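# Notes for the structure review
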Amino acid sequence: YQQKTIDEYRRVIQEYPKAQDVAEFRYYLGYHLVSMGRFEEGVAAYQELVREHPESEYVPDALVNIGEFYFENNDYENAYLLYRAVEEQFPEAPIVAYAIYKQSWCHYNLGAYRDSLDRLLTVVKLADEGDRGAVELRKEATGELMYPYSKVGKAGAAVSFFQKYAPKRFLTLASGLAALYTEQ
């Protein structure tokens, strides 16, 4: 059925390229292609959405999804640029906190550990300010603070650092940090 859905989206886009909902169709065409493992085609559909409908509400999500393709293929520089574009161009989009979170992992994988830590802390700050997308990511972001911290933080300050940002889990994070130090 998914192929039939893809075929129908393509037909509608081709026959009605100026239709009001065509941006939505392009987005879901990309989504279904990616979910079927047809990543290059899905990315092309997302890119067409961004190019043809730059004002669409679907653009931030499309940019993140293109970024995910690059991220999964270890192209952290291009993934970062897309995640950053979402933050800069669509600061009110519901997916911004996720884009910032993913920037952290791009930085981490590129060896920019201080920037990685800063991006995770930005997600935590947004969550504390009530940003809905960030609230959903807060637990994950705080749980991962130990990774960049292990590269740039001071061991003696770790407990107080974790207590500040994850007061209910700070000892677990400190223990995880100790294990990371043992592995390094």
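A few points on the structure.

A word on the overall build of the protein chain. Helix and strand counts for the protein chain stand at 11 helices and 0 strands. When the helices and strands of the protein chain are listed from N to C terminus, the series reads α-α-α-α-α-α-α-α-α-α-α. Principal-axis analysis of the C-alpha atoms gives the protein chain an extent of 65 × 35 × 30 Å. Residues counted as buried form 46% of the 184 residues belonging to the protein chain. At a minimum sequence separation of 6, the contacts of the protein chain that also span at least 24 residues come to 49%. Carbon and sulfur atoms make up 50% of the accessible area of the protein chain, which amounts to about 10,400 Å² in all. A gap of 6 Å separates the mean positions of the 20 positive and 28 negative side-chain charges of the protein chain.

Another point: the pattern of salt bridges. In total, this model carries 12 salt bridges according to the counting rule given. The closest approach of N and O atoms between Glu-41 and Arg-38, which form a salt bridge, is 2.8 Å. When the shortest N-O distance is used, the salt bridge between Glu-87 and Arg-119 registers 2.7 Å. With a gap of 32 residues between them, Glu-87 in helix α5 (residues 76–89) and Arg-119 in helix α7 (residues 113–128) connect regions that are remote in the sequence. Each of Arg-84, Glu-87, Glu-88 and Arg-119 takes part in a single network of salt bridges with overlapping partners.

To continue, consider the side chain of Ser-56. Its place among the elements puts Ser-56 in the loop between α3 (39–52) and α4 (59–72). Of note is the side chain of Ser-56, whose polar atom sits 3.0 Å from the backbone nitrogen of Tyr-58. Beyond its immediate sequence surroundings of up to four residues, Ser-56 is in contact with Ala-23 and Leu-49.

With 14 residues, helix α11 (residues 170–183) extends 20 Å from end C-alpha to end C-alpha; this agrees with the ideal 20 Å at 1.5 Å per step. The complete set of buried residues in α11 reads Phe-170, Leu-173, Ala-174, Gly-176, Leu-177 and Leu-180. Summarising the axial view, the buried residues of α11 lie within an arc of 160 degrees, below the 170-degree limit, and thus occupy one face. Turned more than 90 degrees off the buried face of α11, the exposed positions are Leu-171, Thr-172, Thr-182 and Glu-183.

Moving on, we come to the nonpolar core. If you look at the biggest cluster of nonpolar residues, it comprises 52 residues, and the most contacted ones within it are Leu-145, Phe-161 and Phe-162. The element contributing the most residues to this core is helix α6 (residues 96–109), with 8 residues.

Turning to the environment of Ala-141, a few remarks are in order. Tracing the sequence through the fold places Ala-141 in helix α8 (residues 132–143). Along the backbone, Ala-141 and Phe-69 are 72 residues apart, and their C-alpha atoms lie at a distance of 21 Å.

Let us look at the packing of aromatic side chains. Applying the stated criterion across every chain yields a total of 16 aromatic pairs. Seen in terms of ring centroids, Tyr-149 and Phe-162 are 5.3 Å apart; in terms of plane orientation they differ by 55 degrees. Their pairing is tilted. Linking Tyr-149 in helix α9 (residues 146–152) with Phe-162 in helix α10 (residues 158–165), this pair joins segments that are 13 residues apart in sequence. In this structure, Tyr-149 and Phe-162 share a single accessibility class: buried. Taken together through their ring pairs, the aromatic side chains of Tyr-27, Tyr-28, Tyr-31, Tyr-46 and Tyr-58 make up a single cluster. Looking at Lys-102, its charged tip hangs above the ring of Phe-71, at a distance of 3.7 Å from the centre. Of note, Lys-151 hangs over the ring of Tyr-113, and the distance from its end group to the ring centre comes to 5.5 Å.

A few words on the environment of Glu-140. Along the chain, Glu-140 turns up in helix α8. Residues Glu-140 and Val-124, 16 residues apart in the sequence, show an inter-C-alpha distance of 9.6 Å.

Right, let's talk about the layout of surface pockets for a bit. Roughly 200 Å³ of volume is contained in the largest pocket. For the lining of the largest pocket, the elements supplying multiple residues, two or more each, are α6 and α8.

Calculation rules
Residues numbered from 1 in each chain as written. Predicted model: local features only at pLDDT ≥ 70, side-chain atom pairs only at ≥ 80, totals over all residues. Heavy atoms only, no water. Helix = DSSP H or I, 4+ residues; strand = E, 2+ residues; numbered from the N terminus. Buried < 20%, exposed > 50% of the residue type's maximum accessible area, 1.4 Å probe, protein only. Contact = heavy atoms within 4.5 Å. Areas by Shrake-Rupley, 256 points an atom, 1.4 Å probe, with all protein chains shown as cover. Lys, Arg positive; Asp, Glu negative; His and termini not counted. Charge placed at Lys NZ, Arg CZ, Asp CG, Glu CD. Salt bridge = Lys/Arg side-chain N within 4 Å of Asp/Glu carboxyl O. Polar contact = N/O pair within 3.5 Å; in protein donor to acceptor, adjacent residues only side chain to side chain. Expected span 1.5 Å × (residues − 1). Arc of directions from axis to C-beta. Core = buried A, V, L, I, M, F, W, Y, C linked by side-chain atoms within 4.5 Å. Phe/Tyr/Trp six-rings, centres within 6.5 Å; stacked < 30°, edge-to-face > 60°. Lys NZ or Arg CZ within 6 Å of the ring centre and 35° of its normal. 1 Å grid on protein atoms, 1.4 Å probe; cavity = no way out; pocket = protein on both sides within 12 Å on 5 of 7 lines; lining within 4 Å. Points joined across faces, edges and corners; volume = space filled by probe spheres on them.

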